[in-house]
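Notes for the structure review
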Amino acid sequence: MTNKFRTLDDVDVKGKRVLLRVDLNVPMENGRVTDSTRLERVAPTITELADKGGKVILLAHFGRPKGRDAKDSLKPVAEALSKVVKKPVGFADDCIGEPAAKAVAGLEDGDILCLENTRFHKEEEKNDPAFVAELAKLGDIWVNDAFSAAHRAHASTEGLGHKLPAYAGRTMQAELDALEKALGSPTKPVIAIIGGAKVSTKIDLLENLVTKVDALVIGGGMANTFLHAQGVAIGKSLAEKDLAPTALRIMEKADAANCAIILPVDATVAYHFAANAPSHAYGLDAIPADGMILDVGPQSVARVHAAIDDAATLVWNGPLGAFEMQPFDRGTVAAAKHAAERTKAKKLVSIAGGGDTVAALNQAHVAGDFTYVSTAGGAFLEWMEGKPLPGVEVLRIK
């Protein structure tokens, strides 16, 4: 895959000022980083560039500030990052102008500098050419290692790729390799598990996937919409009943593309949307009128396991039930553990992504057993929808 993109294997960075776009959008509490997963993901690229004698200049956004706002400063993140990379990380209190220029001018080969939040300037999100030019003055090359922001055509995520020689960092490279294995040129048969609450947020995704995969498992609240469209009485379950025609259209498209749609055949039903609410498994012909489907039932779990067993490649986005509440996490956890076992046995390539999906895999204690888990929510989804991502396209070898 990455032979389609320029990577760090294609450039000598010694003595060069490397503008490195990273994702430093980490959770913070009282000025402290509470989860350093994203810092750990970008650390290999930062370390490699520094070890090879590059002057590493980090570009990132944090939060959604409207102008300069101290609570969205990257300074505490830079301090946390220095502990992860085990090297000093300098900080400049702006990403353009004199503070940035002065800090960059003082760098020795192998030094690391973090510039202040790019979104303190409204021109960042507008991909303003004058702002891109100001950023470009600070570097000799641009490396994009922020796949999670690659679906946005902003100055630091896409604009710089037109002004400076552009390369994919190691995290970006790993993501692109994984995505190629998932849907670009996967080992067949390919199965996708798509869950979550709403069909409306995943219409493009479902329409793209039915043309790419051999089987599509639909779970979560989305499945209720499909069941309703087929005339199943779903009681008080969450569903988008107005999208019944859309669901039927997707099923027709799947049929034409020879993609099997796997829907629940039974359901775990409760009368209250609450953790540990009394629940019972019912067949689809017997869902109580005042009950709510909150998870797939045991027969459905067995069907999902069988589908995973038949597959060589699995793409997963979204839980099968209300996984954040016990016992309605059972279906998701069971399927995740089964996929992890197949992956460990070298019988399955498993790619998962999206916030809820990562949380569910962590809950099942199997995230580390999947082939690749993407932390890039929106970008992962848009890529699965078949949409070109501006921050990736700019890295392509023309």
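Residues numbered from 1 in each chain as written. Predicted model: local features only at pLDDT ≥ 70, side-chain atom pairs only at ≥ 80, totals over all residues. Heavy atoms only, no water.

**Topic: the pattern of salt bridges**
So the rule is basically this: Definition used for salt bridges: Asp or Glu carboxyl oxygen within 4 Å of a side-chain nitrogen of Lys or Arg. A run of H or I in DSSP becomes a helix once it reaches four residues, and a run of E becomes a strand once it reaches two; helices and strands are each numbered from the N terminus. Relative accessibility thresholds used throughout: buried, under 20% of the residue-type maximum; exposed, over 50%; partly exposed, between the two (1.4 Å probe, protein chains only).
A full pass over the atoms with the stated rule returns 20 salt bridges. With a closest N to O distance of 3.3 Å, Lys387 and Asp204 form a salt bridge. Here Asp204 lies in helix 7 (residues 203-209) and Lys387 lies in the loop between helix 13 (377-384) and helix 14 (390-393), a separation of 183 residues in the sequence. Residue Lys344 is joined to Glu341 by a salt bridge in which the shortest nitrogen-to-oxygen separation is 3.6 Å. One end of the pair, Lys344, and the other, Glu341, are both in helix 11 (residues 330-344), three residues apart, so they sit about a helical turn from each other. Take Lys344: its relative accessible area is 47%, and that puts it in the partly exposed class. Since its relative accessible area comes to 49%, Glu341 is described here as partly exposed. One connected set of salt bridges, linked through shared partners, spans Asp9, Glu48, Lys52 and Arg170.

**Notes on the UniProt feature "binding site: ATP" (unreviewed entry) in the protein chain**
The line we're drawing: UniProt positions are given in the numbering used here, feature names are shortened, and annotations may be inferred rather than shown by experiment. Two residues qualify as a contact provided that any one of their heavy atoms is within 4.5 Å of a heavy atom in the partner residue.
Here the UniProt feature "binding site: ATP" (unreviewed entry) sits at Lys202, Glu324, Gly354, Gly355, Asp356 and Thr357. Here Gly355 falls in the exposed class, since its relative accessible area comes to 57%. On the accessibility criterion, Asp356 (46% relative accessible area) is partly exposed. Ignoring sequence-local partners within four residues, the contact set of Asp356 consists of Pro319 and Phe323.

**Observations regarding the packing of helix 10 (residues 298-310) against helix 11**
This is how it is decided: In this analysis an axis means a line fitted to C-alpha atoms, helices contributing only their contacting stretch, and an angle means the value between N-to-C directions, from 0 to 180 degrees. Should an angle fall under 35 degrees it is taken as roughly parallel, and over 145 as roughly antiparallel, whereas 65 to 115 is taken as roughly perpendicular and any remaining angle as oblique. Crossing handedness is read from the near helix: turned anticlockwise from the far helix by less than a right angle, it gives a left-handed crossing, and turned clockwise, a right-handed one. Throughout, the ten residues Ala, Val, Leu, Ile, Met, Phe, Trp, Tyr, Cys and Pro are labelled nonpolar, Asp, Glu, Lys and Arg are labelled charged, and all others, Gly among them, are labelled polar.
Remark: helix 10 packs on helix 11, axes separated minimally by 10 Å, with the N-to-C direction vectors making an angle of 20 degrees. On the basis of the axis angle, helix 10 is roughly parallel to helix 11. The chirality of how helix 10 crosses helix 11 is right-handed. Note on element contacts: helix 11 touches helix 10 through Gly331, Ala334, Ala335, His338, Ala339 and Arg342, opposite Val301, Val304, His305, Ile308 and Asp309. The class makeup of the residues in the contact of helix 10 with helix 11 is six nonpolar, three polar and two charged.

**Observations concerning the sheet that holds strand 9 (residues 190-194)**
Spelled out, the test is: The rule for pairing is simple: two strands pair if DSSP sees at least two bridges between them.
Strand order in the open sheet formed by six strands is 11-10-9-15-16-17, with parallel pairing between adjacent strands. Unpaired on one side and paired on the other, strand 11 (260-262) and strand 17 (372-374) mark the two borders of the sheet. Looking at each pair of strands side by side, their axes are set apart by 15 degrees on average, direction ignored. Where strand 9 meets strand 10 (residues 215-218), four bridges bridge the pair, whose relative direction is parallel. The residue bridging Ile194 from the neighbouring strand is Ile218, located in strand 10. On the sheet, helix 10 packs against strand 9, strand 10 and strand 11 and is oriented at approximately 145 degrees with respect to strand 9.

**Quick word on the UniProt feature "binding site: substrate" (unreviewed entry) in the protein chain**
Going by this rule: Definitions used for this entry: grid spacing 1 Å over protein atoms alone; cavity, a set of points where a 1.4 Å probe fits but cannot get out; pocket, an open set with protein on both sides within 12 Å along at least 5 of 7 lines; lining residue, one with an atom within 4 Å of a point. As used in this structure description, the phrase polar contact means that two N or O atoms lie within 3.5 Å; if the pair is within protein, one of them must be able to donate a hydrogen and the other to accept it, and residues adjacent in sequence are counted only when both atoms belong to side chains.
UniProt marks Asp23, Leu24, Asn25, Arg38, His61, Phe62, Gly63, Arg64, Arg119 and Arg152 with the feature "binding site: substrate" (unreviewed entry), using the numbering shown here. When only the residues just named are considered, the largest cavity is lined by Asp23 and Arg38. For Leu24, the location among the structural elements is in the loop between strand 1 (17-21) and strand 2 (28-29). A relative accessible area of 0% places Leu24 in the buried class. Residue contacts for Leu24: discarding those within four places in its chain leaves Leu39, Val42, Ala60, His61, Phe62, Leu74, Val77 and Cys114. In this fold, Arg119 is placed in the loop between strand 6 (112-115) and helix 4 (123-126). Classification of Arg119 by relative accessible area gives buried; the value is 7%. Contact partners of Arg119, with chain neighbours within four places excluded, come to His61, Gly63, Arg64, Pro65, Gly67, Glu124, Glu125, Arg152 and His154. Side-chain polar atoms of Arg119 contact the backbone oxygen of Gly63, separated by 3.4 Å.

**Notes on the sheet that holds strand 12 (residues 266-270)**
What the three strands build is an open sheet, ordered 13-12-14; its pairing is antiparallel. At either end of the open sheet lies a strand with only one pairing partner, and these are strand 13 (279-283) and strand 14 (292-296). Across the sheet, the mean angle from the axis of one strand to that of its neighbour is 40 degrees, orientation sign disregarded. Strand direction decides the pairing type here: strand 12 and strand 13, joined by five bridges, are antiparallel. When the bridges of strand 13 are listed, Thr268 appears paired with Ala281.

**Topic: empty space enclosed by the protein**
Here is the rule: Grid points are joined across faces, edges and corners, and a volume is the space filled by probe spheres set on the points.
Here the structure, examined in full by the defined rule, presents two cavities of 30 Å³ or more. In this structure, the largest cavity encloses a volume near 120 Å³. For the lining of the largest cavity, the elements supplying multiple residues, two or more each, are helix 1 (37-51) and helix 6 (170-184). For the lining of the largest cavity, the per-class residue count stands at six nonpolar, three polar and five charged.

**Description of the packing of aromatic side chains**
Rules: Two rings from Phe, Tyr or Trp (for Trp, the six-membered ring) form a pair when their centres are within 6.5 Å of each other. A pair whose planes differ by under 30 degrees is stacked, one over 60 is edge-to-face, and the rest are tilted. Here, a charge over a ring is recorded when the distance from Lys NZ or Arg CZ to the ring centre is within 6 Å and its angle to the ring normal is within 35 degrees.
According to the stated counting rule, one finds one aromatic pair in the structure shown. Positioned above the aromatic ring of Tyr372 is the side chain of Arg41, whose terminal nitrogen or guanidinium carbon lies 5.5 Å from the ring centre.

**Focus on helix 11**
For clarity, the threshold we go by: By definition here, a helix of n residues has an expected span of 1.5 Å times n minus one.
With 15 residues, helix 11 extends 21 Å from end C-alpha to end C-alpha; this agrees with the ideal 21 Å at 1.5 Å per step. In this fold, the buried residues of helix 11 make contact with strand 14, helix 10, strand 15 (313-317), strand 16 (349-353) and helix 12 (355-363). Positive backbone phi, approximately 65 degrees, marks Lys346, located one or two places after helix 11.

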